[in-house]
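Here are the chains, one letter per residue:
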Amino acid sequence: MPQLATQLEDDTLVRGRATVGDFDLTICTDGIYLLDGGAMFGVVPKTLWQKRIAADAQNRIRLGLNSVVVRTGKQTVVIETGIGNKQTPKMRAIFGNQELLMKSYAAAGVDPDEVDIVVNTHLHFDHCGWNTTLHPDGSVTPTFKNARYFAHAGEVAHGHLQLDRDKVSYLSPNYDPLVESGQMTLLELAGPGATAEICPGISVELFPGHTAQMMVVHIESGGEHACYVGDLVPTAHHLDPTWVMGYDLDPLRCIEERKRLYSRAIPEQWLVLFTHDHDTPMARISLNEKGKPVVAG
Ligand SMILES: [Zn+2]
């Protein structure tokens with residue numbers, strides 16, 4: 001059984017850079033974390049998924065925590081903020097996460113104070129952790145003090161329900177202080193395909209399934225298109241529409257929504273940005289000889 005390395009070298013803290021028209025994209029990381037491989041691949045047998053990704057003795061696989069910084073020329077936009085620094089020691093031991101995002105931003109030359117906009121695809125703890133920072137005196141403050149934050153109103157409401165199925169995924173210090181202070185704008189888009197503009201060239205679109213209100217983030221400039229797909233397709237290993245996660249609240253919806261994504265992303269040659277793929281944080285997608293979506297060669 002492999003021992004999975006979670007220690008990242010300093011020169012690997014910036015996971016990639018790309019341009020989309022006039023926009024510059026930088027992929028930063030909050031580090032690696034470990035999740036159960038079975039939960040990540042739902043009903044897919046281990047005999048199949050382990051051909052693509054190795055599991056350790058505890059059946060955990062290595063996942064990334066990618067935070068994309070978009071510089072539009074007018075605004076600096078952050079998409080997703082990793083796990084953050086509010087994990088209890090017990091949770092940190094379980095996930096093996098390292099709280100590297102501030103170090104990764106520094107390596108990329110990104111100052112949190114310059115960030116104008118933060119977008120969360122949904123409010124699971126591993127997507128919005130650095131929205132706020134925990135200080136030694138126990139206080140929690142916005143990490144991006146000059147930014148306007150955007151999330152879906154339904155995610156906050158769902159988190160507050162604290163349902164048995166997923167309450168561990170919703171940690172209110174990641175969003176409640178921002179909602180209470182008015183720094184977070186809560187979006188109300190309803191129905192698959194509903195969209196909202198965040199700023200010129202950046203918009204969100206509802207792609208339900210993983211949660212009822214998960215949104216992808218479109219980045220469009222100069223006729224080019226990138227799309228941060230959140231947990232709709234968490235890694236490049238999950239491109240097969242049926243390889244949905246055990247965590248997905250509505251797996252059938254996820255399958256249909258992935259097909260809806262590919263029907264545009266493949267012919268229009270979108271640059272797809274994955275949240276949880278450390279090794280392949282971005283890729284264009286094509287269909288293989290069996291008609292299955294794969295990373296374009
Ligand atoms: Zn999630």
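Above: the structure in question.
Cut-off values and rules
Residues numbered from 1 in each chain as written. Predicted model: local features only at pLDDT ≥ 70, side-chain atom pairs only at ≥ 80, totals over all residues. Heavy atoms only, no water. Helix = DSSP H or I, 4+ residues; strand = E, 2+ residues; numbered from the N terminus. Rg over C-alpha atoms; globule rule 2.2 N^0.38 Å. Buried < 20%, exposed > 50% of the residue type's maximum accessible area, 1.4 Å probe, protein only. Contact = heavy atoms within 4.5 Å. Areas by Shrake-Rupley, 256 points an atom, 1.4 Å probe, with all protein chains shown as cover. Lys, Arg positive; Asp, Glu negative; His and termini not counted. Charge placed at Lys NZ, Arg CZ, Asp CG, Glu CD. Salt bridge = Lys/Arg side-chain N within 4 Å of Asp/Glu carboxyl O. Polar contact = N/O pair within 3.5 Å; in protein donor to acceptor, adjacent residues only side chain to side chain. Core = buried A, V, L, I, M, F, W, Y, C linked by side-chain atoms within 4.5 Å. Donors = N, O, S within 2.8 Å, 3.2 Å for Na, K, Ca; no water. Tetrahedral: all angles 85-135°; square planar, octahedral: opposite > 155°, others 65-115°. Phe/Tyr/Trp six-rings, centres within 6.5 Å; stacked < 30°, edge-to-face > 60°. Lys NZ or Arg CZ within 6 Å of the ring centre and 35° of its normal. Pairing = 2+ DSSP bridges.

Novice: Would you take a moment to explain the overall build of the protein chain for this structure?
Specialist: Helices and strands together make up the secondary structure of the protein chain, namely eight helices and 17 strands. A globule of 297 residues ought to have a C-alpha radius of gyration of about 19 Å, and the protein chain, at 18 Å, matches this closely. Its C-alpha atoms put the protein chain at 50 × 45 × 40 Å along the principal axes. Residues classed as buried in the protein chain amount to 56% of the 297 residues present. Considering only contacts within the protein chain whose residues lie at least 6 apart along the sequence, 67% involve residues at least 24 apart. As displayed, the protein chain has an accessible area near 12300 Å², and 53% of this comes from carbon and sulfur atoms. Of note, the protein chain has its 25 positive side-chain charges centred 5 Å away from the centre of its 36 negative side-chain charges.

Novice: For this particular structure, what's the right way to read the side chain of Glu80?
Specialist: Inspection of the secondary structure assignment puts Glu80 in the loop between strand S4 (76–79) and helix H3 (89–95). Despite its burial, Glu80 pairs with no opposite charge, the nearest such side chain being Lys86 at 13 Å. Among the polar contacts listed, one links the side chain of Glu80 to the side chain of His127, at a separation of 2.5 Å.

Novice: Explain the environment of Met214 here, please?
Specialist: Relative to the helices and strands, Met214 is located in the loop between strand S11 (202–206) and strand S12 (215–221). Given a relative accessible area of 0%, Met214 falls into the buried group. Sequence-wise, Met214 and Pro192 are 22 residues apart; in three dimensions their C-alpha atoms are separated by 9.7 Å. Not counting residues within four places of it along the chain, the set of residues in contact with Met214 comprises Thr121, His122, Glu205, Leu206, Phe207, Pro208, Val229, Gly230, Asp231 and Leu232.

Novice: Hey, could you run me through the nonpolar core in this one?
Specialist: The nonpolar side chains of a soluble globular protein tend to be buried, and buried together. Core analysis: the largest hydrophobic core is formed by 28 residues, its most contacted members being Leu25, Val70, Val204 and Leu273. Membership of the second largest hydrophobic core comes to 21 residues, among which are Val78, Tyr105, Val110 and Ala147.

Novice: Would you mind showing me how to read the coordination of the zinc ion here?
Specialist: Expected angles at a metal are 109.5 degrees for tetrahedral coordination by four donors and either 90 or 180 degrees for octahedral coordination by six donors. In the first shell of the zinc ion, the protein supplies His122 (NE2), His124 (ND1), His210 (NE2) and Asp231 (OD), at 2.2 Å from the metal. Each of the four donor atoms around the zinc ion contributes to a set of angles spanning 86 to 172°, which defines the coordination as irregular. Written as a sequence motif, the donor arrangement for the zinc ion is H-x1-H-x85-H-x20-D. Judged by relative accessible area, His124 falls into the buried class, the value being 8%.

Novice: Please clarify how the packing of aromatic side chains should be interpreted in this entry.
Specialist: Two aromatic rings are characterised by how far apart their centres lie and by the angle between their planes. The full count for this structure, using the stated rule, is six aromatic pairs. One aromatic cluster in this structure is built from Tyr33, Phe95 and Phe125. We note Arg52 situated over the ring of Trp243; from NZ or CZ to the ring centre the distance is 4.0 Å. Stacked on the ring of Phe207, the Lys or Arg Arg260 has its end atom at 3.9 Å from the ring centre.

Novice: Would you take a moment to explain the sheet that holds S12 for this structure?
Specialist: Two modes of strand pairing occur in sheets, parallel and antiparallel, and in both the strands are linked by backbone hydrogen bonds. Reading across the sheet, the six strands line up as S10-S11-S12-S13-S14-S15 and stay open at both edges, with mixed pairing between neighbours. With one partner strand each, in any of the chains shown, strand S10 (195–199) and strand S15 (282–283) form the two edges of the open sheet. Taken together, the three bridges between strand S13 (residues 224–228) and strand S14 (residues 271–273) define a ladder with parallel strand orientation. Residue pairing in the sheet places Tyr228 in a bridge with Leu273 of S14.

Novice: Looking at this structure, I do not really get unusual backbone geometry. What am I missing?
Specialist: Phi is mostly negative for residues that are not glycine, and the peptide bonds are mostly trans. Phi angles above zero are rare outside glycine, and Asn59 is one such case at about 70°. Along the chain, Asn59 turns up in the loop between helix H2 (46–49) and strand S3 (60–71).

Novice: Teacher, can you tell me more about the pattern of salt bridges here?
Specialist: Scanning the entire structure with this criterion turns up twelve salt bridges. Measuring nitrogen to oxygen at the nearest pair gives 3.1 Å for the salt bridge that ties Lys103 to Asp10. Separated by 93 residues along the polypeptide, Lys103 in helix H4 (residues 101–108) and Asp10 in the segment before strand S1 (14–20) bring together distant segments of the chain. Asp113 is paired through a salt bridge with Lys145; the nearest N and O atoms lie 2.9 Å apart. One end of the pair, Asp113, is in the loop between H4 and strand S5 (117–119); the other, Lys145, is in the loop between strand S7 (140–142) and strand S8 (148–152), with 32 residues separating them in the sequence. Note on Asp113: relative accessible area 34%, which makes it partly exposed. The structure contains a network of salt bridges with shared partners spanning Glu205, Arg253, Glu257, Arg260 and Arg264.

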